[in-house]
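Take a look at the letters that make up each chain.
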Amino acid sequence: MLSAELELTDLDARHWRNGWRLLVPPRVLAWPSWALVIVDGAPERVLSVIVTPRGRIENPPPLVDVATYGKQLGASAVVVIDRHLLGRLSAEIEGALRLDQDGVAQALVALRVLKQHAGKGVWTDPPLLELLPAPGYEPVQRTFDLLVPDRSALLAYVIEDDRSRIHTSIIAEKDGGDIVAAAQHRAIADLVPEVSLARDWTTGYKRVLDAVEERFAKPAIGLFLERATLMKIITGPSDALARELTAKRVVIDPAPAWLLGLLGGAAVAAVAGRAASALASMLPQATRDRASAFAQRAQNAMNPFALLGFDPIELWSQLKRHYRS
């Protein structure tokens, strides 16, 4: 997925900083630190607490509840590890790593090992180990190849709400199954000036597509929207993107067929959900079970994420409350 020879060019410090602030949950921005807690067999037997970037905490408070310990320490996240497990974790992770694995593969290896010990020597807040799936690298790579063709580009632009300039941007080129190059708007700013694009982005985005094709590759997916709209989508209901797209506050161009199908399905499900539940309550249980099984088979057949073994959209609906809190 990520080439070992990934070429990073024309990065813009402001775009990079703004993009990071959009991805990071607000509480992490408010408390830009996390705590590593070493315990002796159980969470309440605290041996050592390190809070970045402050360092080791002398006489740390007692750990009664992992979910509230971060607030006591002024940290946005807490990782608690049993000291007896430290050597085993290191050995299991190192034993599964290979030199030819890319960063994504290595991260999945570490996640799978940590998940095996979640609640049994490793505790976290937010409880991401319990929520995050850990698929194998091959299904992730195959799904990526299904969704994004080789020799193509992906791009996303977030515009300031007052349309004065670009808030953040990313352009990535895929080839041979990997992201081989990444840049920001600065790479095409001589062809598409930032201020003029921001002012009329709903129509001017086409100039961006042409410039990206000239400098990188033909775009496969392009996303353009304003910052406030993005935040509505990130924190809103599952059909928020479809609704904002219908209201023409989001431009997706090019939009692959699989994405259009997902958006259409989300919109239909949002409208039909209550009616379907009411109808189901009137049917016999056996009929409901057969209908549910049929619907699940149909969904799997049309689901572009089927190889992963989980639905990223459903996963985000579970993670969303941790982003907002």
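Residues numbered from 1 in each chain as written. Predicted model: local features only at pLDDT ≥ 70, side-chain atom pairs only at ≥ 80, totals over all residues. Heavy atoms only, no water.

(A) Focus on the pairing of strand S2 (residues 34-39). In this structure, S2 lies alongside strand S5 (residues 77-82), joined through 6 bridges in parallel fashion. Across the sheet, the residue bridging to Ala 35 is Val 78, located in S5. Relative to strand S3 (residues 46-51), S2 is paired through 5 bridges, and the arrangement is antiparallel. Across the sheet, Ile 38 pairs through a bridge with Ser 48, a residue of S3. (Pairing = 2+ DSSP bridges. Helix = DSSP H or I, 4+ residues; strand = E, 2+ residues; numbered from the N terminus.)

(B) A look at the nonpolar core. Of all hydrophobic cores here, the largest spans 22 residues; its most connected members are Leu 155, Tyr 157, Ile 188, Val 208, Val 212 and Phe 224. Only strand S7 (152-159), strand S8 (166-175), helix H8 (194-199) and helix H9 (201-215) provide two or more residues apiece to this core. Considering each element in turn, this core owes the most residues, 6 residues, to H9. Aside from chain neighbours lying at most four places away, what touches Leu 155 is Ile 170, Ile 171, Val 208, Leu 209, Val 212, Pro 219, Ile 221, Gly 222, Leu 223 and Phe 224. (Core = buried A, V, L, I, M, F, W, Y, C linked by side-chain atoms within 4.5 Å. Buried < 20%, exposed > 50% of the residue type's maximum accessible area, 1.4 Å probe, protein only. Contact = heavy atoms within 4.5 Å.)

(C) Inspection of the sheet that holds strand S4 (residues 55-56) at higher detail. Strand order in the open sheet formed by 5 strands is S4-S3-S2-S5-S6, with mixed pairing between adjacent strands. Edge positions in the open sheet fall to S4 and strand S6 (122-125), since each of these has one partner strand only. Judged from the 4 bridges that link them, S5 and S6 form a sheet pairing that is antiparallel. By the bridge assignment, Val 78 is partnered in S6 with Asp 125.

(D) Region of interest: the environment of Gly 222. With respect to the element layout, Gly 222 can be found in strand S10 (residues 219-226). Here Gly 222 falls in the buried class, since its relative accessible area comes to 0%. With 66 residues separating them in the primary sequence, Gly 222 and Ala 156 have C-alpha atoms 5.8 Å apart. The residues touching Gly 222, leaving out its near neighbours within four places in the chain, are Leu 155, Val 251, Ile 252, Asp 253 and Pro 254.

(E) Here's a closer look at the pattern of salt bridges. One pass over the full model with this rule turns up 12 salt bridges. The partner of Glu 194 in a salt bridge is Arg 14, with the nearest N and O atoms 2.7 Å apart. Of this pair, Glu 194 sits in helix H8 while Arg 14 sits in helix H1 (residues 13-23); the two residues are 180 residues apart in sequence, bridging distant segments of the chain. Here the two residues Glu 194 and Arg 14 agree in accessibility, since each one is buried. (Salt bridge = Lys/Arg side-chain N within 4 Å of Asp/Glu carboxyl O.)

(F) Broad picture of helix H3 (residues 66-73). When H3 is considered as a whole, its buried residues turn out to be Val 66, Tyr 69, Gly 70 and Leu 73. In a view along the axis of H3, the buried residues occupy a sector of 100°, so they form one face of it. Considering only its buried residues, H3 is in contact with S2, S3, S5 and S6. Its side-chain oxygen at 3.0 Å from the backbone nitrogen of Ala 67, Asp 65 defines the N-terminal cap of H3. Among the residues trailing H3, Gly 74 stands out with phi positive, at a value near 70°. (Arc of directions from axis to C-beta. Polar contact = N/O pair within 3.5 Å; in protein donor to acceptor, adjacent residues only side chain to side chain.)

(G) Region of the structure containing unusual backbone geometry. Pro 126 follows Asp 125 through a cis peptide bond whose omega is 0°. Structurally, Pro 126 is set in the loop between S6 and helix H6 (128-131). Residue Pro 254 is reached from Asp 253 by a cis peptide bond, and omega for that bond is -5°. Looking at the element boundaries, Pro 254 is found in the loop between strand S11 (250-252) and helix H12 (257-280). A positive phi angle, close to 50°, is found at Asn 59, a residue other than glycine. In this structure, Arg 163 is a non-glycine residue whose phi angle is positive, near 60°.

(H) Main features of the sheet that holds strand S1 (residues 2-8). Pairing in this open sheet of 6 strands is mixed, and the strands run S1-S9-S8-S7-S10-S11 from one edge to the other. Two strands lie at the open edges of the sheet, namely S1 and S11, each paired on one side alone. Each strand of the sheet is rotated relative to its neighbour by a mean of 15°, with strand direction disregarded. Where S1 meets strand S9 (residues 178-183), 3 bridges bridge the pair, whose relative direction is parallel. What sits directly across from Leu 2, in S9, is Ile 179. The strands touched by H9 within the sheet are S7, S8, S10 and S11, with S10 carrying the most contacts at an inclination of about 145°. Along the sheet, helix H10 (residues 227-235) makes contact with S7, S8, S10 and S11, crossing S10 at roughly 105°. (Axes fitted to C-alpha atoms, helices over the stretch in contact; angles between N-to-C directions.)

Just distances and angles here, no functional claims.
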